Structures are given as C-alpha cells and as structure tokens.
Amino acid sequence: MLSIVVFLPVVAALALLAAPGASDRVVRWTWVAVSALVLALVVALWIGYSPGASGFGYETQVNWIPTVGSGYHVGVDGLSLPLVALTAVLFLSCAVYSLRETHRVRSLAALFLFLETVCLGVFVALDLLLFFVFFDLSIVGMYFVIAGWGHSGAARAAVKFFLYTFLGSLALLLGFIGLYLAASPHTFDMLDLTRQDPMAGKGAVAVLVMLAIVVGLAVKTPTVPVHTWLPPAHVDAPAAGSAILAGVLLKMGTYGFVRIAMPILPQTWRAYAPVILAVGIVSVLYGALVALAQRDFKRMIAYTSVNHMGYVVLAVGAAAMLADTEAQARQLAVTGAVTQMVSHGLITGALFLLSGVLFERGKTYDMASYGGLARQLPAFAGITAVAVFASLGLPGFSGFIAEFQIFTGSIGAAPVPVGFALLGVLITAVLFLRAYQQVFLGPTKTRVAGDLTLTETVAIGPLMLLAVAIGLFPRFLLDVIEPAASVL
Amino acid sequence: MIASSWLLVAFPALGALILLLGGNRTNAWGHLLGCATVIASFVYGLAMFFADSFAEAADTTVYSWIPVGALQVDFGLRIDPLSVTFVLLITGVGSLIHIYSIGYMAEDRDRRRFFAYLNLFVASMLVLVLGNSFVTLYLGWEGVGLASYLLIGWYTDRPSAATAAKKAFLMNRVGDVGLALAIFLMFKHIGSTSYAEVFAGIGDVSPGVVTAIGLLLLLGACGKSGQFPLQAWLPDAMEGPTPVSALIHAATMVTAGVYLVARSAPIYNLTEDGRLLVTIVGAFTLLLGSIIGCAYDDIKKVLAYSTVSQIGYMMLAVGLGPFGYALGIAHLLTHGFFKAGLFLGAGSVMHAMNDEVDMRKFGGLYRKMPITFATFGLGYLAIIGFPFLSGFYTKDAIIEAAFGQEGWRGWIFGGSALLAAGITGFYMTRLVLLTFFGKQRWRETTSADGREFHPHESPPVMTVPMIVLAVGSVAAGALLISGDTLAEFLVPAVGELSESDHGVLPHALIPWLTVLISALGVLLAWTLFGRRDTPVERPANVSWPVRAARKDLYGNALNEALVATPGLWLTRFSVFADNRGVDGAVNGLAAGLGGGSGRLRRLQTGFVRSYALSMLGGGVLLVGALLAVRYS
C-alpha cells in the first residue's frame, strides 16, 4: 500500500512521457488527478495507521542488494507520516497552481510527479542507501525545475544549488558508509543500526561520522553557515518549485536529524548537542536579521525559512541536552520540531505560491515597486495577511503550536540562550509587518489588475485552512507524532 | 449556565467568521449581525451574573487543545468574579460602541468588515479574560493584538495609519516575548500552565524564579497597557477610527495588563520585588502620561495620554498587592465607562467637524452639540474626581492606598498619584475649554476635499450610547466602592482587600486634599485657556518643558536609541557578513567549480553533466566502500 502511494506518481510521469499525443490540457488535469489520488491514498493511510511492534506502520521489507546489507525497507511512523501527508498536500497545491502553466507542460508535470515519488520515498525509507538514493534524486529533480522553469538568473542559481546540496549529500553518503562499516554485521538498515548502536565507544570515528552526516543534513535544512544556496535558488525558481523546495525538500534535512542522527548516534549526538543548539539559535537570529534587510519579497521569505528551520534545529539540539529526568520536556521539543516542519511546509509553501501571484501581477519581487495593493486586490491581500500572521507565529495558527512546544520543551536545556532565540519571533514580526505595509498598504504606486483567480484560491486556500486547523485543533497531528517522539 | 459559558466567546467569533467569509453578500445587514452577537454575549453574561454564584472559581474544559506528554493545555474557561466582571465590561461597553459605530461608520464602504474586526476583537478579548490557563490567555492576548493592528490601520490609504498599526503590534510583541518567557518558565518549574496548577505550585518554586516570572509578566503587561517603557504606541494608535479608540485603546484591551497582574495575584503575592516594580512602573507612567497630555492639541492624543496615565493608576494599585487589587479593578471599570464616553464624545465632535482633531480649530461647540457637550461634561467631571462622581471614589481610593504605604514608598507613590490628579484636572479642563467654550475658531466653509460641513449634533444611534456611558460615569463609582461591593465580590479571585492602618497621611484628609489639588489644576487651566482667547496656530516659541512634553518626553527617542538603532546595526552587520563572509567564501568555491563546469559545458551541453556528475560521484564512493568491505 505504502509503496503504491510512493511509486504511483512516477508511474504516472512515465505514462505522460509515453503519450506524446496528449494535449497540455489533458496533461495538466492528469497531473492534478494523480496528485489528488495520492493525497486521498495518504489520507486513507493516515486513517488506517496503527504502528506495529517496531513502531512503524505499513512496513515492507524486500531484499534489494543483499551483498551490502541493503534492502528495500519502507514504513511510516509518527515522525514520517505527517511529512508524507505534507508532501502529498503540497504537491497537489502545486499541481492546481500550475494549471495556468503553458511552458513545456508535459515535462514539468512529469518532473513534478517524479519529484513527488522521490520526496515520499525519502520520508518512508528505512534503509540508509534507499534514503540516500531518494535524497540525491530530489536534488537532481529540483535542479531541473529551477534551471528549466526559473527566472532570468536561474541557470546560475541552479548550479549553486546543485553544487552545494550535492556536496552535502556526498558528505552524507560518507557518513552512511561509515555507519555501515562500523556495524556488525554490516547493514544499511536504519532499524538494525539503531538496535546495534554501532558507534558506541568509537571515539573520534563516531565524531567524524556524525560530522559528515550532520553537515550533509545541515546543508539541506539549511542552517547557518551553509545556507547561502537557498536565497538565490528560491528567487530564481518558479513559484511551485519554491513551494516544494521550501515545503518539502528542506524538511529532508531536519527529518534526517530525527530519523538518522539522533537514534543511530545517540551518544555522539548528545555529546555535541550544545553545538547543534548553538547552530539552531544562530540560524534563528541570523536568518531573521538578514531577512529583515531584504527588499525582495521572495528573498525575504527564503531567509525566514532559515529562521523557521532554525527552530527545528534548536529543538533537536535542546532535546538531546535534556537529561533523562526531563524526558517529558525532550518529547515536547521533538514533537514541536516535527510540528514545525509540517507548519513551515504549509505556511511557507503558501507564501511562495503567493509570491508567484505577486510576480505574475507586477512582474517583480521588489517590494518598493508596490504599494496599496490591498485596495486593488483585496482577496490577495487578505490571504497574504493570513499567511503572514501565520508565519510570524500568531496563536490560532500551526506555527504557534509548533514554536510553543519547541520553546517550552527547550527552555530547560539552556534557559538564557533559548530565551535569546525568542527574539527571532520578534524580528520575524518586524520584517513581515514591514513588508506587508510596503506592498499592501499606503498609497497606490502601480496599478495592478486581477485579484486571485479560482485556481490560485483553490491552490493556496486549503494550505491556510490546514494551518488554522492545526492551530486550533492540533490533536489529530500531535497524537500521531507524540509516541514516535517519546522514544527518541 | 457556567458549563455553556463558551457561548460567550462563540457568538462574536461566529459573527466575525460569517462577516469575513460572507464578504460583500453580507454588506446589507453585517453591522446588525455585528451588534447582535455582542449583545447576545452581554445578555448571556448578565444572566450568568444573576443566576450563578461565584464563591469559587469554576473551570470548564471545552476541548483538549495542545496535549503532548506532560504539557496538557486545554482550551478551558475559568468563571470567577474577576472574569465575570470583565465579561460584563467588555460586552456591555462593547455593545454600546458597536451600536455607536453603526452611525459613525455609516459612510464607510467597508463598514461590514469593520464590524467583523470589532467582533473578532470582542471574541479574542473574551478568550483573554475567560481562559483558564496562561496559554489560553496568550491566545486571546495576541488575538486582541491582531484586531488592534487591523483596526488601527483601518484607513489603509493613510501611511501614518499603517505605520501606527505596525508600531502597536511590534511594541506589543516586545511585551509578548516577556509573557511567553514567563509561560515557559512556569512549565519548566511547575510543569503546567493552567491557573489552578500554577497557583497551587508557585509556592514551591524558588523566590528568584517567582520574581523572574513576575517581572516577565510585567513586561507583557507594559506592552499591552501602554506602560513605561512601552507606552509610545498607544497615542499613535489613535489613527484608528474613534470607536476603536474608545473600545480597544481606552476601555478594554489596554487594561489587559492590569487584568494580567490581578489574575496573577498568587504569583505577585510571593514576590515583593515584583510588586514594587509594578508600583514603580505605574507611578512613573501616571505622571508621564498626565504631563504629556497637557502638551497636545490633538483631542484624541490628549485622551490617549490620559488613558496611559489612568492605567498607570491601575498599575500602581495592583502593584500594592492585597492593598490594591480590587481598587485597580474598580478604577478599571469606572475608567472603562468614562473614558469610553469621552472618546465617543470626541468622535461625535470629529463627526461634526469633518474629522478635524486639532482642538485649536474647535471652540464654542457647546451650543451646536448640546448632548455631546452634556455627556462629555459628565465624563470630564468623573475623570477629574469631582466629588461623588466615579473618579472621586475609585481614583481617590488608589491615592489613599498609595499613601498608606510605609516610609518613602508612601510619600513617593502617594505624592506622584496626588500630583497627577492635579495635572489631570489641568489637561482635561484645557481640553473641555478649547473644544466646547470660547470663541468659535473654525471657519464654517468647505474642507480640504471640497465638502461643506456644518457642526451638528450626531444622530441618536450615536448619542444614546454616549448618554448611557455618561450615566455609568456618574453612578458606577458609588455603586462599586460604597460598602466595598466590588472588593467583596472579587474576594474569591484576588483575596481580601487589606486596608493599612498606618501610612504617611491621615486617611480622612486624602480625599479632600485630592479634590483641592485637582481644583487647583482646573483653576490654572481656566486662567490660561478660559479667560483669554486661544490662537488657532500652535505657538512655536515655548519653554523647554512644553517642548519636551510635545516630544512625548522623548519616549520615541528612547525606543529609537535602545532598540531600533542597535537593531539596524545588527541587521547591517548580518547582511554584511552574509554577503562577504559566508557567501564570499562559498562563492569563491562556486566560481571555481562553476568555471570548471562552464568548461565542461562546452563538451557536454545541457543539464546532463550535473546528473552524470552526481551519479558518478555516488558510484565511485559506493564501489570504494564495497571494495573496502570485501578486502577488509
């Protein structure tokens, strides 16, 4: 069942490529239909989810490359199921949003469907090699999206993105191989590795392996100082590409922290948790401050991603610093981290689609060129306001639920630094309100026509509805995450 | 009735939802729905007030909101005397102001959306006062901040309105950070955020932590209530439509800080340092607000600084702990009546004067607007503490309690409260004289946008709420204070009201001393503004105290120097680091690799190179690993 969900999109992508006669219209609607079907199946998975003894549901294990101890091993638990669902939701939104697309539609649809399989694959993989293959392919897919459908500077941004994340994934592979070699018997299976704890007492080797894995994941997240690929990639990517990049691909980094680094390298992770925490805090503050200085709407949102993902890194760092007596706080921080991943995916995904709408209307992301849009495009202004307040952590939206858990859980680990990170919430408010004022309030600068279209509303509206639903009634989500978070 | 008390919140929340999602389809009846939902809550609140007894706090859980392990935050409500008092104030004054807004906003094409925001505000404010944990309080706390932001920035085409809205939200956020940190500390040390468990467990927490929590809560209170050093947003918030100023920025939201301190009485009772700082903030702010209030010519800004000053009184009172919780709440209630009435009166004047706010362009209006004048006059008498009107009871009680402190505290707190009473007499008299008396200083012609205007009395839909509030301003004080009615009612929430039997001045003397000082202020204002004509142009050549007061006693400059400028430099530094430091190094690498791949591109066109490179790199590593395993 899980495998069907994962591979359905890529099968559809191949079918689209194999049917050159289909008109763009058919291609677009097929894309939407397949994405909707995937989402429906994921909802069914969610409803039927009951984790087995291993803690995972829908587990499948097939020997794949037995000589190296690698198998096709997939399954979902409370850490991955929310991200699988997020992936399905965002890909559907992007498919709907792209109904307007006219440029090489077939390739775009095929590429996105391929990417969907890859992203789902990362989150369900329980084998390091499988994880790595999907992780690497996501970079390839996104590279083509940016380079092929991006704005003017796309080629350069795409190369930067590729080099950066690709070097990161090489580091990750080195780390995985290190784990493999240390395990006895050799294996790439995450659950076996967790049970074996192969790096226990390995000293410097363990540190090197963790360094490789953490660097690989940190590039993808991204954290300061390896974040500089992100702003150009976002600015030059098409709106739907940005939404997937920020909404899904960034999560692979932090998901790797909770799925691989924390459980398989527990002692090393704990020993270096203060470093992780510090990186998280720096990312939070630094990302917010640099975002504050941006004049380009999309670039600003890109930097807020550094800030928001910083909270996740902060939480997983703090969680490891908390002693066993504070297991409750640790669980809270990890649950908050996963909630934040989902929340950031929804809200920032929406913000990137909205920035696409802005570009569509005004042909620029430069905020100074706009003014007073609220009078001309009330619906667009309204939904952007909702996204903006959701993103700055207003209670009633998912971001608050996540950040509240993260801070409540983490404050015990290092009260003063974590308290300091709370300033990030303040700076985010400054930058978002300033941007909103410049673009939407005040006197009209340029005349722009065309409020939100139906497809835009259908693409973006549900993301905001979900953010509100999680903000007010988060229980359905927290009850899934909590058991998985408590074993970390 | 208590079990269904969530209906109190549900009515206005539903109203806001219908009006926002319904869009223009609801334009025809939107304002009526907006009023109806708030009145429904008021009626429910009244029925609850008479039907139930509030001897004990009743907590009801609506649903489990954030359940994660040890953190079990319920969306729950606490019905006790304190919350019920606030419910009646919010929905009562709220209903009147909703009705008034029908007339005030009649010509605004977005009136329906205005009522949606007002309903959103009422719903959030009710969550704030009804919530039974600090997290539900925080939900309402930020909700009212959002409503305030939307309503201050109502006139979206005015850049000043947008800036004021942003400033209000951000300065509130500074306070919110304090409140949030206090909540995190509560969870860390007590393991819960609900009132019941926090208040039960706070005794076992170390005194240093209790004081820290107290101070952080105070920071939150200062933000929301416009107290020093976070007072500068409140006068700017007057950019919003006047009913908003009356409801949010005078009667209800800005008093939330006082509510927070009173609600946290069990915490503040344990920290004398925390209480002392609350008192100091209150005493300082009440003087600051009253002094600046003397310098403005903008009728709404004078009232705004008056609000800052009056909330200072309330803060001073609740800072006195058991000596003052009930007094602070009493003054909060009477202030809610008379200040809302004064603002609605000011709105009525602006309505008549084509939205003019400069008092130097008013004059002699009592003839044109008799009802406005009469109701405003009663509010005026109430705020300056005219004997046997509201302010006389509730403000004097605070001054008395302040003088009841021992030693220097009695002299400093009592003295500043007494002095500010005199200044209040001065600036309020000045306001009334400039607006309603003297020669007519407006020229009855056309306004800037070419419309003719003639000062006129407002329609009944506006004057009736003003009359009701005026009646409240007259009577509320006597009702609440005589026989300690309110203080006894509040006992289950904030404890018994203590009265000090010592103090630096005899008790019986203080009320009359206050009246005397206020009368001096009135007299001084009359000498300066009643007996001679006021120039229409604002005198530029004035002494330094006036100059300082006109510059808000440098409150904005202080914020600028302490927060904005360092923030700016920090931002610039980060951007510099981002461009030169981190990215510079990476760009060097990327340029090298990019150059290499550029050369590669000539050999292999297209995107294939990257893909190939990726797979190649992965493959080499993999093979290497396999070989290593095989031969190790």
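Criteria and thresholds
- Residues numbered from 1 in each chain as written.
- Chains lettered and ligands numbered in written order.
- Predicted model: local features only at pLDDT ≥ 70, side-chain atom pairs only at ≥ 80, totals over all residues.
- Heavy atoms only, no water.
- Helix = DSSP H or I, 4+ residues; strand = E, 2+ residues; numbered from the N terminus.
- Rg over C-alpha atoms; globule rule 2.2 N^0.38 Å.
- Contact = heavy atoms within 4.5 Å.
- Areas by Shrake-Rupley, 256 points an atom, 1.4 Å probe, with all protein chains shown as cover.
- Lys, Arg positive; Asp, Glu negative; His and termini not counted.
- Charge placed at Lys NZ, Arg CZ, Asp CG, Glu CD.
- Buried < 20%, exposed > 50% of the residue type's maximum accessible area, 1.4 Å probe, protein only.
- Pairing = 2+ DSSP bridges.
- Phe/Tyr/Trp six-rings, centres within 6.5 Å; stacked < 30°, edge-to-face > 60°.
- Lys NZ or Arg CZ within 6 Å of the ring centre and 35° of its normal.
- Salt bridge = Lys/Arg side-chain N within 4 Å of Asp/Glu carboxyl O.
- Polar contact = N/O pair within 3.5 Å; in protein donor to acceptor, adjacent residues only side chain to side chain.
- Nonpolar A, V, L, I, M, F, W, Y, C, P; charged D, E, K, R; others polar.
- Expected span 1.5 Å × (residues − 1).
- Arc of directions from axis to C-beta.
- Patch = residues over 30% accessible without salt bridge, like charges linked within 9 Å, V, L, I, M, F, W, Y side chains within 5 Å.
- UniProt positions renumbered as here; feature names shortened; annotations may be inferred.
- Core = buried A, V, L, I, M, F, W, Y, C linked by side-chain atoms within 4.5 Å.

1. Focus: the overall build of chain A
Okay, so step 1: When its secondary structure is counted, chain A shows 21 helices and two strands.
Okay, so step 2: A compact globule built from 488 residues should have a C-alpha radius of gyration of about 23 Å, and chain A, at 21 Å, falls within 12% of that.
Okay, so step 3: In chain A, of all internal contacts separated by at least 6 residues, the share reaching a separation of at least 24 is 82%.
Okay, so step 4: Carbon and sulfur atoms form 69% of the exposed surface of chain A, whose accessible area is close to 14300 Å².
Okay, so step 5: Charge separation in chain A, taken as the distance between the mean sites of 24 positive and 21 negative side-chain charges, equals 11 Å.

2. Here we look at the overall build of chain B
Okay, so step 1: Of regular secondary structure, chain B possesses 24 helices and two strands.
Okay, so step 2: Residues classed as buried in chain B amount to 59% of the 632 residues present.
Okay, so step 3: By sequence separation, contacts in chain B at least 24 residues apart represent 80% of the contacts at least 6 residues apart.
Okay, so step 4: For chain B, the exposed area adds up to about 23500 Å²; of that, 66% sits on carbon and sulfur atoms.

3. A short note on the pairing of strand 1 (residues 58-68) of chain B
Each regular strand carries side chains that alternate between the two faces of the sheet.
Okay, so step 1: Relative to strand 2 (residues 71-79) of chain B, strand 1 of chain B runs antiparallel, the two being bridged by nine bridges. Pairing of Ala58(B) across the sheet is with Ile79(B), part of strand 2 of chain B.

4. With respect to the side chain of Thr156(B)
Okay, so step 1: Relative to the helices and strands, Thr156(B) resides in the loop between helix 5 (134-152) and helix 6 (159-190).
Okay, so step 2: When residues no more than four places from it in sequence are discounted, the contact partners of Thr156(B) are Arg375(A), Leu441(A) and Gly442(A).

5. Quick word on the packing of aromatic side chains
Okay, so step 1: Tallied over the full model, the rule gives 52 aromatic pairs over all chains.
Okay, so step 2: Taken together through their ring pairs, the aromatic side chains of Tyr311(A), Phe400(A), Phe404(A), Phe407(A), Trp65(B), Tyr138(B) and Phe184(B) make up a single cluster.
Okay, so step 3: Over the ring of Trp149(A) we find Arg104(A); its NZ or CZ atom is 4.7 Å from the centre of that ring.
Okay, so step 4: When the ring centre of Phe529(B) is taken as origin, the NZ or CZ atom of Arg430(B), which lies over that ring, is 5.2 Å away.

6. Observations regarding the interface of chain B and chain A
Okay, so step 1: Counting residues at the interface gives 61 residues for chain B, matched by 73 residues for chain A.
Okay, so step 2: Connecting chain B to chain A are zero salt bridges.
Okay, so step 3: The interface formed by chain B and chain A contains ten residue pairs in polar contact (both at pLDDT 80 or more).
Okay, so step 4: Going through the elements one at a time, strand 1, strand 2, helix 5, helix 6, helix 23 (555-603) and helix 24 (608-630) of chain B are the ones with two or more residues in the side of chain B that touches chain A.
Okay, so step 5: Looking at the side of chain B that touches chain A, the element that brings in the most residues is helix 6 of chain B, giving 15 residues.
Okay, so step 6: Of the residues assigned to the side of chain B that touches chain A, the class counts are 40 nonpolar, twelve polar and nine charged.

7. A closer look at helix 21 (residues 509-530) of chain B
In an α-helix, one turn spans 3.6 residues; hence positions three or four apart end up facing the same way.
All names here are of chain B.
Okay, so step 1: Between its terminal C-alpha atoms helix 21 stretches 30 Å, which fits the 32 Å expected from 22 residues at 1.5 Å a residue.
Okay, so step 2: Taken residue by residue, helix 21 has Ile510, Pro511, Thr514, Val515, Ser518, Gly521 and Ala525 as its buried positions. Angular distribution of buried residues about the axis of helix 21 spans 135°; they occupy a single face of the element. Exposed positions of helix 21 whose direction lies more than 90 degrees from the buried face are Leu520 and Leu523.
Okay, so step 3: Tucked into the core, helix 21 has its buried residues touching helix 16 (370-384), helix 17 (390-403) and helix 18 (407-436).

8. Describing a nonpolar patch on the surface
All names here are of chain B.
Okay, so step 1: On the surface, a cluster of nonpolar side chains totalling about 680 Å² of accessible area is made up of Leu14, Leu17, Ile18, Leu20, Leu21, Trp29 and Leu32.
Okay, so step 2: With five residues, helix 1 (residues 6-22) is the largest single contributor of residues to the nonpolar patch.
Okay, so step 3: In this structure, Leu21 sits in helix 1.
Okay, so step 4: A relative accessible area of 66% places Leu21 in the exposed class.

9. Observations concerning the UniProt feature "domain: NADH:quinone oxidoreductase/Mrp antiporter transmembrane" (unreviewed entry) in chain B
Okay, so step 1: The positions that UniProt labels "domain: NADH:quinone oxidoreductase/Mrp antiporter transmembrane" (unreviewed entry) are, in the present scheme, residues 132-414 of chain B.
Okay, so step 2: Helix makes up 75% of residues 132-414 of chain B and strand 0%. Its end C-alpha atoms lie 34 Å apart.

10. Observations regarding the UniProt feature "domain: NADH-Ubiquinone oxidoreductase (complex I) chain 5 N-terminal" (unreviewed entry) in chain B
Okay, so step 1: Within the UniProt annotation, "domain: NADH-Ubiquinone oxidoreductase (complex I) chain 5 N-terminal" (unreviewed entry) is assigned to residues 65-115 of chain B.
Okay, so step 2: Split by type, residues 65-115 of chain B is 57% helix and 25% strand. Its first and last C-alpha atoms lie 28 Å apart.

11. So, the pattern of salt bridges
Two side chains that carry opposite charge are able to pair once their charged atoms sit near each other.
Okay, so step 1: Tallied over the full model, the rule gives 14 salt bridges over all chains.
Okay, so step 2: For Arg361(A), the salt bridge identified is with Glu456(A), shortest N-O distance 2.7 Å. Of this pair, Arg361(A) sits in helix 14 (residues 327-362) while Glu456(A) is found in helix 20 (residues 454-472), placing the two residues 95 residues apart along the sequence. Of the two residues, Arg361(A) and Glu456(A), both sit in the buried class.
Okay, so step 3: A salt bridge links Arg263(B) to Asp80(B); its shortest N-O distance comes to 2.8 Å. Of this pair, Arg263(B) sits in helix 11 (residues 256-263) while Asp80(B) sits in the loop between strand 2 and helix 3 (81-104), and the two are 183 residues apart along the sequence.
Okay, so step 4: On the basis of relative accessible area, Asp80(B) is assigned to the buried category, the value being 2%.
Okay, so step 5: Salt bridges sharing partners connect three or more residues here, namely Arg100(A), Glu360(A), Arg361(A) and Glu456(A).

12. Thoughts on the nonpolar core
Okay, so step 1: One finds Phe131(A), Trp269(A), Phe134(B), Leu217(B) and Ile267(B) to be the most contacted residues of the largest nonpolar core, which totals 388 residues.
Okay, so step 2: Excluding its chain neighbours within four sequence positions, the residues that come into contact with Phe131(A) are Val122(A), Ala125(A), Leu172(A), Phe176(A), Met190(A), Met252(A), Tyr255(A), Gly256(A) and Ile260(A).
Okay, so step 3: Counting 21 residues, the second-largest nonpolar core is a separate cluster that includes Tyr313(B), Leu327(B), Phe413(B) and Ala417(B).

13. Examining a negative patch on the surface
Residue and element names in this part refer to chain B.
Okay, so step 1: Side chains of Asp484, Glu488, Glu496 and Glu499 sit close together on the surface and give a patch of like negative charge.
Okay, so step 2: Relative to the helices and strands, Glu496 is located in the loop between helix 20 (485-494) and helix 21.
Okay, so step 3: Residue Glu496 is classed as exposed on the basis of its relative accessible area of 59%.

14. So, the environment of Val93(B)
All names here are of chain B.
Okay, so step 1: Its place among the elements puts Val93 in helix 3.
Okay, so step 2: For the pair Val93 and Ala251, spaced 158 residues apart in the sequence, the C-alpha separation amounts to 7.7 Å.
Okay, so step 3: Not counting the four nearest positions on each side in its chain, Val93 is found in contact with Leu88, Leu247, Ala251, Ala340 and Leu469.

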